[in-house]
Amino acid sequence: MHQALGYLGALLATNLKAGFAKPGAAVFQLVLMCLNNLVFFIVWALYFDRFPDLRGWGRADVALLYGITAFAFGLAMAVGGGVRDVARAINDGSLDVHLGRPRHPLPSLLMSRSIPSGIGDMLSAPVLWLWLGDRGLADLPLLVLLSTAAGIVMMSIILIAQCAVFWWPALLRLAEQFWEVVIIISVYPQHVFGAGIRLVLLTLLPIAFVSQLPVEAIREADAMKVLAVIAAAILYGALAVVIFDRGLRHYASGNRLVVNR
Amino acid sequence: MSSEAILVENLAKSFCARRALGFAGMFKKRPVTEVAAVRGISFAIRPGERVAFIGPNGAGKSTTLKMLTGILTPSSGHARVAGFVPWEERQKLARRIGILFGQRSQLWYHLPVSDSLRLIARIYGLERHPAETRLARLAKTLAIEDLLERPVSQLSLGQRLRCEIAAALMHAPPILLLDEPTIGLDVSAKASLRDHLIELSAEEGTTILLTSHDTGDIERICERALVIDQGLLLLDQPLAALRAQHLRHRVVTLMTEEESPALDLPGVVVATREPHRTSFAVDLDRIPVERVIATALERFAVKDLAIENPPLDDVIRAIYQSAAARAA
């Protein structure tokens, strides 16, 4: 256990160092992402100035939701930015390097890239929670816990989508861009949707666990919803690993053949 | 448990190829055909041997190498590498083999080389002190001491490949599998890399199996060759025997006072000619090379002479031609 944690720590430290190898550019990205998140929220601020109620939600609730999504996505990109490259690695055979090591290939694959703007996302979250979301410092530990769990769910969804390329290589572009779908749905309140869509967002495409449920858990001080988000992180995380392992059996290491007619 | 470093029996691998039907056919079921990349090959490699895996593009070299590392699972057959079944015990095997894919990097592009090598040592679970000792030794042998603190992005291809080899050898594996190790290198970088590999193999008794299109790699590094084509093993021989059996000629080059000497001997033809320097191709089935030399010394004022084996390229071409002729 100690050695495994040391290994993960070494991977993280190396990739963060690589992410900040050009410190000027990295800090620029980080600051811009922070500003981007805050500027984007102006749209919501303008909306709530005119319509103060969105089916029971106010500006502070949306700020919470936006902050949780920013922290979750930022964490996923800063720690496991390689998740966006999995489909490409499967398709072009660069997974070989990770498979040639005496470890499970997923940690080194996911942590093969650290995206500095992710840290900008993470830093913008407390501003959204504490300033615009009307929360106090006492709420911070729970918000970080829920956002971390949300980050694991988000990373699992993106990983599962990327793994589709093991079976259907033609889906490469779709799998590569699927993370954008996850972000777009996550940053909007989902309680406005009908029961059917909400059910999909709680099961097949579990984006509800990324943003909606964590906000509800905080708003309603509902311990069951907190546990549900943590359980979702464990379950979808495990599911993503199982799907990746199953997919490895179909890995063709860049030798996949397509015959043109 | 086998005493061979690598043992392969009837190893085969097929891939499913789906026919692309384009936009119009996107909802149709695409026909699947099976393409055999490797068709039941067998060989054994003893510890410490340096073996070349030769073949044209698509012959099945890389696929075989990937099965031997556990990256690919074979369709049928059996293999043991360092005593492990690669595709069943991939992680255990990884501690006993070093892998270098010439076109893929283990190093972090923006970081100093030493950072990558230290992380790789952690990946293999090496303690700090043995890792530093190993790093220092490899740096000396591979002449990368001055490169360790430079980012990989600032290295030439030859320098990077030497660092990649250090990465593959950090955990002191007894078996080294190299896929196109000198691809893209210039002549001097190739020569330097080959020298380093030979030195390492001699010092540590490392078994080497390499694939390459460059016959120079094979001639310089290896003592035995496996020739593969269309997934079938055509030949498995020591390099010397390969030459002796498949190309029965030598090249005799004379540097003479005479501008263009001529040798009217049976089985001797001029291969290349420059003023005062003439190369003759000698057919050993028709005339012994000693007689050609003796005649040349008798007739001309010879300042220097050289007897060369034919390039391995010619040997391999001859093997493919004879295999094709047998198939026809």
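Everything quoted here is computed from the prediction, not taken from an experiment. (Residues numbered from 1 in each chain as written. Chains lettered and ligands numbered in written order. Predicted model: local features only at pLDDT ≥ 70, side-chain atom pairs only at ≥ 80, totals over all residues. Heavy atoms only, no water.)

## With respect to the overall build of chain A
And step 1. In terms of regular secondary structure, chain A is built from 12 helices and 1 strand.
And step 2. In chain A, the order of α-helices and β-strands from amino to carboxyl end is α-α-α-α-α-α-α-α-α-α-α-α-β.
And step 3. For chain A, whose C-alpha radius of gyration is 19 Å, the value lies close to the compact-globule estimate of 18 Å for 261 residues.
And step 4. Across its three principal directions, the C-alpha atoms of chain A cover 55 × 45 × 40 Å.
And step 5. Scored against the burial criterion, the 261 residues of chain A give a buried share of 50%.
And step 6. Sequence separation of at least 24 residues holds for 76% of the intrachain contacts in chain A that already meet a minimum separation of 6. (Helix = DSSP H or I, 4+ residues; strand = E, 2+ residues; numbered from the N terminus. Rg over C-alpha atoms; globule rule 2.2 N^0.38 Å. Buried < 20%, exposed > 50% of the residue type's maximum accessible area, 1.4 Å probe, protein only. Contact = heavy atoms within 4.5 Å.)

## A short note on the packing of aromatic side chains
All names here are of chain A.
And step 1. One pass over the full model with this rule turns up 14 aromatic pairs over all chains.
And step 2. With a centroid separation of 5.9 Å and 25° between ring planes, the pair formed by Trp-44 and Phe-48 is classed as stacked. Remark: Phe-48 and Trp-44 occur in helix α2 (residues 23-50); sequence separation between them is 4 residues, near one turn of the helix. Phe-48 matches Trp-44 in its accessibility class, with the two residues each being buried.
And step 3. Within the aromatic cluster, the residues linked to one another by ring pairs are Trp-44, Tyr-47, Phe-48, Phe-51 and Tyr-188.
And step 4. In this structure, Arg-103 is placed above the aromatic ring of Tyr-7, and the distance from its NZ or CZ to the ring centre is 4.2 Å. (Phe/Tyr/Trp six-rings, centres within 6.5 Å; stacked < 30°, edge-to-face > 60°. Lys NZ or Arg CZ within 6 Å of the ring centre and 35° of its normal.)

## Considering the interface of chain B and chain A
And step 1. At the junction of the two partners, chain B supplies 30 residues and chain A supplies 34 residues.
And step 2. For the chain B and chain A pair, buried surface summed over both sides reaches about 3000 Å², with 59% attributable to carbon and sulfur atoms.
And step 3. For the interface between chain B and chain A, the tally reads 3 salt bridges.
And step 4. On the surface where chain B and chain A come into contact, there are 10 residue pairs in polar contact (both at pLDDT 80 or more).
And step 5. Elements represented by at least two residues in the side of chain B that touches chain A include exactly β1 (6-20), α1 (61-69), α2 (90-94), β5 (97-101) and α3 (113-123) of chain B.
And step 6. For the side of chain B that touches chain A, the element with the highest residue contribution is β1(B), accounting for 6 residues.
And step 7. Tallied by class, the residues present in the side of chain B that touches chain A amount to 16 nonpolar, 6 polar and 8 charged. (Buried area = accessible area lost by both parts, 1.4 Å probe. Salt bridge = Lys/Arg side-chain N within 4 Å of Asp/Glu carboxyl O. Polar contact = N/O pair within 3.5 Å; in protein donor to acceptor, adjacent residues only side chain to side chain. Nonpolar A, V, L, I, M, F, W, Y, C, P; charged D, E, K, R; others polar.)

## A word on the confidence of the model for chain A
Interpretation of this model should avoid reading the predicted coordinates in detail wherever pLDDT is low.
And step 1. Confidence in the prediction of chain A, expressed as mean pLDDT, is 91, and 97% of residues score 70 or more.
And step 2. Throughout residues 256-261 of chain A the model reports pLDDT below 50, and contacts reaching past four residues in sequence, or to other chains, amount to 20 contacts. (pLDDT = per-residue confidence, 0-100.)

## Some points on the pattern of salt bridges
And step 1. In this structure the tally under the stated criterion is 21 salt bridges over all chains.
And step 2. A salt bridge links Lys17(A) to Asp115(B); the shortest N-O distance between them is 2.4 Å. Remark: Asp115(B) occurs in helix α3 and Lys17(A) occurs in helix α1 (residues 2-19); the pair is interchain, linking two chains.
And step 3. With relative accessibility at 43%, the residue Lys17(A) sits in the partly exposed group.
And step 4. Notably, a salt bridge pairs Asp96(A) with Lys66(B), separated by 3.4 Å at the nearest N-O pair. Residue Asp96(A) is located in helix α5 (residues 96-99), and its partner Lys66(B) is located in helix α1; the two belong to separate chains.

## Comments concerning the environment of Ile207(A)
All names here are of chain A.
And step 1. For Ile-207, the location among the structural elements is in the loop between α10 (195-202) and α11 (212-219).
And step 2. Given the relative accessible area of 0%, Ile-207 is considered buried.
And step 3. As a C-alpha pair, Ile-207 and Ala-21 span 186 residues in sequence and 33 Å in three-dimensional space.
And step 4. When neighbours within four sequence positions are excluded, Ile-207 is seen to be in contact with Ile-157, Val-182, Ile-185, Ser-186, Gln-190 and Leu-201.

## Here's the deal with the sheet that holds strand β3 (residues 50-54) of chain B
Within a beta sheet, neighbouring strands are joined by backbone hydrogen bonds and run either parallel or antiparallel to one another.
Residue and element names in this part refer to chain B.
And step 1. Pairing in this open sheet of 6 strands is mixed, and the strands run β5-β6-β7-β3-β8-β9 from one edge to the other. Each having just a single partner strand, β5 and β9 (232-238) make up the two edges of the open sheet. Here the strands of the sheet are splayed against their neighbours by 15° on average, with no regard to which way each runs.
And step 2. Bridging between β5 and strand β6 (residues 175-179) involves 5 bridges; their strand directions are parallel. Paired with Gly-98 across the bridge in β6 is Leu-176.
And step 3. In the packing of helix α8 (residues 239-246) onto the sheet, contacts are made with β8 (224-229) and β9, and the angle to β9 comes to roughly 105°. (Pairing = 2+ DSSP bridges. Axes fitted to C-alpha atoms, helices over the stretch in contact; angles between N-to-C directions.)

## Side note on the nonpolar core
And step 1. Among the nonpolar cores identified, the biggest contains 105 residues, and Leu95(A), Leu159(A), Phe244(A), Ile6(B), Phe43(B), Leu68(B) and Leu209(B) are the most heavily contacted of them.
And step 2. With near-sequence residues (within four places) excluded, Phe244(A) lies in contact with Val86(A), Leu95(A), His104(A), Pro105(A), Leu106(A), Leu109(A), Leu159(A), Cys163(A) and Phe166(A).
And step 3. Of all hydrophobic cores here, the second largest spans 59 residues; its members include Leu117(B), Leu119(B), Ile144(B) and Ile198(B). (Core = buried A, V, L, I, M, F, W, Y, C linked by side-chain atoms within 4.5 Å.)

## Points about helix α12 (residues 223-248) of chain A
All names here are of chain A.
And step 1. When the terminal C-alpha atoms of α12 are compared, their 38 Å separation across 26 residues agrees well with the 38 Å that a helix rising 1.5 Å per residue should span.
And step 2. Of the positions making up α12, those classed as buried are Val-226, Val-229, Ala-232, Ala-233, Tyr-236, Gly-237, Ala-240, Phe-244, Gly-247 and Leu-248.
And step 3. Of the residues that open α12, the one with a side-chain oxygen 2.9 Å from the backbone nitrogen of Met-224 is Asp-222. (Expected span 1.5 Å × (residues − 1).)

## Describing helix α9 (residues 289-299) of chain B
Residue and element names in this part refer to chain B.
And step 1. Of the residues making up α9, those classed as buried are Val-289, Val-292, Ile-293, Thr-295 and Ala-296. The arc that holds every buried residue of α9, seen down its axis, measures 165°, which confines them to one face. Facing away from the buried side of α9, by more than 90 degrees, are the exposed residues Glu-290 and Glu-298.
And step 2. The secondary structure elements touched by the buried residues of α9 are β10 (249-256), β11 (268-274), β12 (277-283) and β13 (302-308). (Arc of directions from axis to C-beta.)

## Looking at the packing of helix α3 (residues 59-80) of chain A against helix α7 (residues 117-132) of chain A
Residue and element names in this part refer to chain A.
And step 1. Where α3 contacts α7, the two axes come as close as 7 Å, and the packing angle between them is 160°. Relative to α7, the element α3 lies roughly antiparallel. Crossing handedness for the pair α3 and α7: left-handed. (Parallel < 35°, antiparallel > 145°, perpendicular 65-115°, else oblique. Left-handed = near helix turned anticlockwise from the far one by under 90°.)

## A few points about the pairing of β11(B)
Residue and element names in this part refer to chain B.
And step 1. Across 6 bridges, β11 lies against β12 in antiparallel orientation. Across the sheet, Thr-272 pairs through a bridge with Ser-279, a residue of β12.
And step 2. In textbook terms, the turn of a hairpin is the stretch between consecutive antiparallel strands, and for β11 and β12 this stretch comprises 2 residues, one of which, His-276, has a positive phi near 70°.

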